[in-house]
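# A structural walkthrough
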Amino acid sequence: MLNRRTLRIKAMQAIYAYQQAVGSDYLLALDQIGEDFAPDLNSMEVQDRKLLEGQKQMATLLFKEWYETQQYDAEGAGKEVIDAVNRATVFYNNATKKDFKYYGNQMLSAVERIYDHYLGTLQILEVIVSLIEEEEEKKANRFTAAEGPDATAFLRNKVVQRLLQSKSYQDSIIRRNISWGSDISEIRAVYKNILKKDETFLTYLSQPEHTLEEDVEAVKHIFKNIIFKEKNLQSLFEEQDLNWVENKSIVRSLVNKTVKIFGEEAEGEIQLLDLSANWEDDRAFFEDLYFQTVEQDEKYEAMIAASVKNWDVERVALLDKIILKMALSEMHIFRSIPVKVTINEYIEISKLYSTPKSKQFINGVLDKMAQELTTSGEIRKSGRGLIDNK
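Looking up the protein chain in an unreviewed UniProt entry gives the name Transcription antitermination factor NusB, with the organism given as Pontibacter actiniarum. Among the UniProt annotations of the protein chain, the heading Sequence similarities (unreviewed entry) holds the following wording: "Belongs to the NusB family."

What follows is the structure, encoded as C-alpha cells:
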C-alpha cells in the first residue's frame, strides 16, 4: 500500500519538476525582453540596431537585478526599458504561479492514478472471465469437439466470484470509469498465448473441485507470474503510467492484499482496499509538504546557507537542497512526526535518488539544524511519546 515515504518521494519529484519549470520561466522572460528590442524587419523606418541592443542589455540587467532582489534601480533607464522589464516580471510571476499550482495538482493526480491502476489490474480477472464465457458460447454453437483445455473451472473460482460480485469493486469500477477499452486485445493475447498454456493454470483447470486455498493460490499465480511479468502487458502499463517502475510495487501490494482478504471466510460485504490506511490524512500531509516547501523556499534556502558556512550553498546539488528543504518543512509543520523519523526518512530518500555522498551530507546538515532549531524552540513536537517544548 501507499506509505509516507512514497508520498515524500512524489512530493520531491513534483518540487524538482516545478523548480525546473521556474528556470525555464526565467529564460522565457529573458527571451521576451530580447523580442521587445528585436529589430522590426517589416518596418519602413531604419532601425537603430545599436540603440536596440543597448536597451536590451539594460533591460536584461534590470530584470536580473529584480530576479535576485525583487526590486531594481530604474534610474537612467528609458520608458521602453522600464516597460519591457515590467512586462518580463509580470510574465515571470504569472508563469511561476501557474506552474506552482499545476505541479501540485499533477502530483496529487499522479498518486490517485495509482488507485486506477490497482482497479484496472483487478479488472483483468473480469476480462479473463468474459473471454472464457465467450469461448464457451462459441463451443456451444459448434458441431465438432472443441480443442484446448476446459477453462470453465476458473469461472467457479470463489476468490474471483467474490471480487467481481463485490459491490465495492463494481461501484469503484463505475465511479472511476475503469475500462481496458481497445487495449483488451493485449489481455486476449496473454490469455490465449500464455495463460492457456501455463502448466500451473492447466493443472488447476484439470481438477474437478477446488478448496478455497487452491482458488487463492491460482489467482495469486496469475497476478504474480503472468500479469506482473508478461512483457507486453508491462509495456502497456508503462505507456499508461510514466512512473510505472516505481508504482508497480504499490499496485502489486494492493492486489496481493486484496486477493488475501477475498480469500478469507468473512461475514458481510468485503470492501476493496483504500490507497493507504488513512488517505485523507495522507493526502493532507502530501499537499502541505509540497505547498509549504515551495512557499517557504527562500526561508529554507537562507537557513541552509547559514548552516553550511564552509560550503557555498550554490554548489549544493539541487536535489540535495530540495531534500533538505522538505525535511525542514516537515519538522516545522508536522508536530506529531518525531525529528529523528524525518531525518531518517530523508537520508533514505537521498540514498535512492541523490549522489553517493549525499547521505553523509544530508545527515550532518539535518542533525545540526534540528538540534539548533529544537534548542531555540522553533521546532516543537507534541503528541504521544513526544516532548512538547513550548
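What follows deals with the domain arrangement of the protein chain. Partitioning the protein chain into domains gives domain 1 (4–106), domain 2 (113–263) and domain 3 (279–376). If you average the C-alpha positions of domain 2 and of domain 3, the two centres end up 43 Å apart.

Counted under the stated rule, the structure contains 17 aromatic pairs. Taking the centre distance of 5.2 Å and the plane angle of 55 degrees together, the rings of Tyr115 and Tyr118 count as tilted. You can see Tyr115 and its partner Tyr118 sitting in helix H3 (residues 79–140), three residues apart, about one turn around the helix. The exposure classification of Tyr115 matches that of Tyr118, with both residues buried. Arranged with centres 4.9 Å apart and planes meeting at 80 degrees, the rings of Tyr290 and Phe291 form a pair that is edge-to-face. An aromatic cluster is defined as three or more aromatic residues linked by ring pairs; in this entry it consists of Tyr26, Phe63, Trp66, Tyr67 and Tyr92. Its end group placed over the ring of Phe285, Arg4 keeps NZ or CZ at 4.2 Å from the ring centre.

Bringing the pattern of salt bridges into the picture now. Opposite charge on two side chains permits pairing when their charged atoms draw close. In this structure the tally under the stated criterion is 23 salt bridges. Among the salt bridges present, the one from Lys167 reaches Asp171, with a minimum N-O distance of 2.7 Å. Linking Lys167 with Asp171, this pair stays in helix H6 (residues 167–175), spanning four residues, or about one helical turn. Look at Asp171 and you get partly exposed, because its relative accessible area is 31%. A salt bridge links Lys325 to Asp297; its shortest N-O distance comes to 2.8 Å. Linking Lys325 in helix H14 (residues 318–333) with Asp297 in helix H13 (residues 297–307), this pair joins segments that are 28 residues apart in sequence. By relative accessible area, which is 4% here, Lys325 ends up buried.

Cut-off values and rules
- Residues numbered from 1 in each chain as written.
- Predicted model: local features only at pLDDT ≥ 70, side-chain atom pairs only at ≥ 80, totals over all residues.
- Heavy atoms only, no water.
- UniProt positions renumbered as here; feature names shortened; annotations may be inferred.
- Domains from an automatic or database assignment.
- Phe/Tyr/Trp six-rings, centres within 6.5 Å; stacked < 30°, edge-to-face > 60°.
- Helix = DSSP H or I, 4+ residues; strand = E, 2+ residues; numbered from the N terminus.
- Buried < 20%, exposed > 50% of the residue type's maximum accessible area, 1.4 Å probe, protein only.
- Lys NZ or Arg CZ within 6 Å of the ring centre and 35° of its normal.
- Salt bridge = Lys/Arg side-chain N within 4 Å of Asp/Glu carboxyl O.

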